[in-house]
Amino acid sequence: MNISENAEAILNKIEQKYASIDQKTETHLEGLLWSKPITYWDYIQTDALLNMQTQRTTLPDEMVFIMYHQVNELIFKMILWEMNQISYCQNIKTEFFAERLMRISRYFDMLTTSFSIMENGMEVEQYMKFRNTLTPASGFQSAQYRLIEFSSTDLINLIDNRYRGSIDRNTPYEHAFEHLYWQAAGKDYATGKKSYLLEEFEKKYKKTFLDHMEEYNSINIWQKFKQLPDSDQKNPELIQAMRHFDHTVNITWVMQHLNVAIKYIDQSGKGTGEATGGSDWKKYMHPKYQRRIFFPELWSADELANWGVEI
Ligand code: HEM
């Protein structure tokens with residue numbers, strides 16, 4: 001048989017690959033003979049993807065709502081993918097860190113700039129009808145959003161501002177979990193009673209969250225930043241990139257989201273003004289009250305004091 005040098009070199013490498021896992025190269029080559037050539041739709045799984053938009057009502061704008069949420073979840077997954085690369089990189093180099101951080105930032109910028117799809121892309125009349133079929137669910141129950149938070153920063157920065165003084169790095173995860181800032185959306189602190197929204201969320205994800213909190217305690221984005229050489233940690237461009245990410249997630253996105261909620265729930269003049277998830281949402285959602293700041297060491301005392309106030 002006349003085999004080119006290049007083909008022979010590739011065959012040798014394939015032989016080595018299969019030998020290392022006790023497999024017969026010939027069998028795999030024979031398999032190749034019968035395997036189907038790939039198509040776009042099989043690779044991207046378009047049929048599966050485009051079959052996951054199920055409306056609960058007959059109102060056409062509900063489709064905008066469902067699909068935009070799904071797009072968000074896909075982008076959240078892209079963000080978590082990059083965060084995982086940073087977190088699990090041993091002896092991380094600044095270039096690798098900065099490159100992935102910029103990817104993450106671009107994804108979140110995209111979520112922020114596209115939020116007008118919610119603000120202007122649905123008829124208020126239709127929204128106020130189909131939202132009644134969504135109660136008591138809420139975007140609050142997006143698990144990936146919570147995982148992004150745990151992967152971004154030290155746990156202390158996600159603790160409810162009122163309890164930060166009494167919690168430190170040695171606090172058991174279970175105790176820290178009960179004092180996460182987002183518990184405030186569904187917990188009566190006087191009685192300890194949780195809303196149905198929160199109870200269901202925890203029933204499904206609490207174990208995942210506790211595991212993730214522990215896993216990322218020492219490898220979250222902030223911790224990886226602290227592993228970079230001192231001089232790089234002082235690099236103005238890198239600091240600016242970190243601040244941009246923090247600001248986009250914790251102020252810009254949050255404010256876009258709050259403004260959309262105000263438009264539909266509060267100013268539409270329709271409905272009761274209550275959120276589907278049932279939180280004291282106007283207060284809860286404002287960055288000024290949440291004070292969720294991923295990288296507090298990168299902001300001045302003045303900036304911290306005025307977090308979310310400028311808007
Ligand atoms: C018309 C559009 C939207 C409205 C009116 C709205 C409203 C709300 C409200 C009122 C809350 C507070 C919790 C509650 O009581 O329900 C909330 C939480 C939340 N929503 Fe939305 N939302 C909208 C779109 C979205 C989209 C597109 C996403 C993307 C996944 C999203 C993700 C979230 C998240 C992650 C939370 C929890 C935020 C936190 O804990 O700070 N929402 N939303």
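Residues numbered from 1 in each chain as written. Predicted model: local features only at pLDDT ≥ 70, side-chain atom pairs only at ≥ 80, totals over all residues. Heavy atoms only, no water.

Asker: Mind showing me how you'd approach helix α11 (residues 196-215) here?
Answerer: In a regular helix each residue adds 1.5 Å, so 20 residues correspond to 28 Å; α11 covers 28 Å between its end C-alpha atoms and thus fits that length. Where α11 bends most, the angle comes to about 65°, and this point is Tyr205. Those residues of α11 lying buried are Leu197, Leu198, Phe201, Glu202, Lys206, Phe209, Leu210, His212 and Met213. Check the buried side of α11 and you find it contacts α9 (143-152) and α10 (173-178). (Helix = DSSP H or I, 4+ residues; strand = E, 2+ residues; numbered from the N terminus. Expected span 1.5 Å × (residues − 1). Bend = angle between axes of the 7 residues up to and from the residue. Buried < 20%, exposed > 50% of the residue type's maximum accessible area, 1.4 Å probe, protein only. Contact = heavy atoms within 4.5 Å.)

Asker: Looking at this structure, I do not really get unusual backbone geometry. What am I missing?
Answerer: What is expected of a backbone is that most residues other than glycine have negative phi and most peptide bonds are trans. Each neighbour pair has its own omega, and for Thr135 with Pro136 the value is 5°, a cis peptide bond. Here Pro136 shows up in the loop between α8 (124-130) and α9. Even without being a glycine, Gln45 presents a positive backbone phi close to 55°. Here Gln45 is to be found in the loop between α3 (40-44) and α4 (46-49). In this structure, Asn91 is a non-glycine residue whose phi angle is positive, near 45°. On the secondary structure map, Asn91 appears in the loop between α5 (61-87) and α6 (94-113).

Asker: Even after reading the chapter, I still don't get the nonpolar core, so can you show me in this structure?
Answerer: The tendency in soluble globular proteins is for nonpolar side chains to be buried as a group. Among the nonpolar cores identified, the biggest contains 74 residues, and Ile79, Phe97, Phe108, Phe150, Trp182, Met242 and Phe245 are the most heavily contacted of them. Non-local contacts of Phe97, meaning those with residues more than four positions away in its chain, are made with Ile86, Ile92, Ile221, Lys224, Phe225, Leu228, Leu238 and Met242. (Core = buried A, V, L, I, M, F, W, Y, C linked by side-chain atoms within 4.5 Å.)

Asker: Sorry, what's going on with the pattern of salt bridges here?
Answerer: It is possible for side chains of opposite charge to pair when their charged atoms get near one another. If you walk through the whole model with that rule in mind, you get 16 salt bridges. Across the salt bridge formed by Glu82 and Arg103, the nearest N and O atoms sit 3.2 Å from each other. One end of the pair, Glu82, is in helix α5; the other, Arg103, is in helix α6, and 21 residues separate them in sequence. Its relative accessible area of 22% is what places Arg103 among the partly exposed residues. Note that Glu174 is salt-bridged to Lys206, the shortest N-O span being 2.5 Å. Taken as a pair, Glu174 in helix α10 and Lys206 in helix α11 lie far apart in primary sequence, 32 residues in all. (Salt bridge = Lys/Arg side-chain N within 4 Å of Asp/Glu carboxyl O.)

Asker: Before we go on, may I ask you to explain the coordination of the iron atom of the ligand in this structure?
Answerer: Four donors placed tetrahedrally about a metal ideally form angles of 109.5 degrees, and six donors placed octahedrally ideally form angles of 90 or 180 degrees. Donation to the iron atom of the ligand from the protein comes from one atom only, His257 (NE2), at 2.1 Å. With respect to the secondary-structure elements, His257 resides in helix α14 (residues 236-266). (Donors = N, O, S within 2.8 Å, 3.2 Å for Na, K, Ca; no water.)

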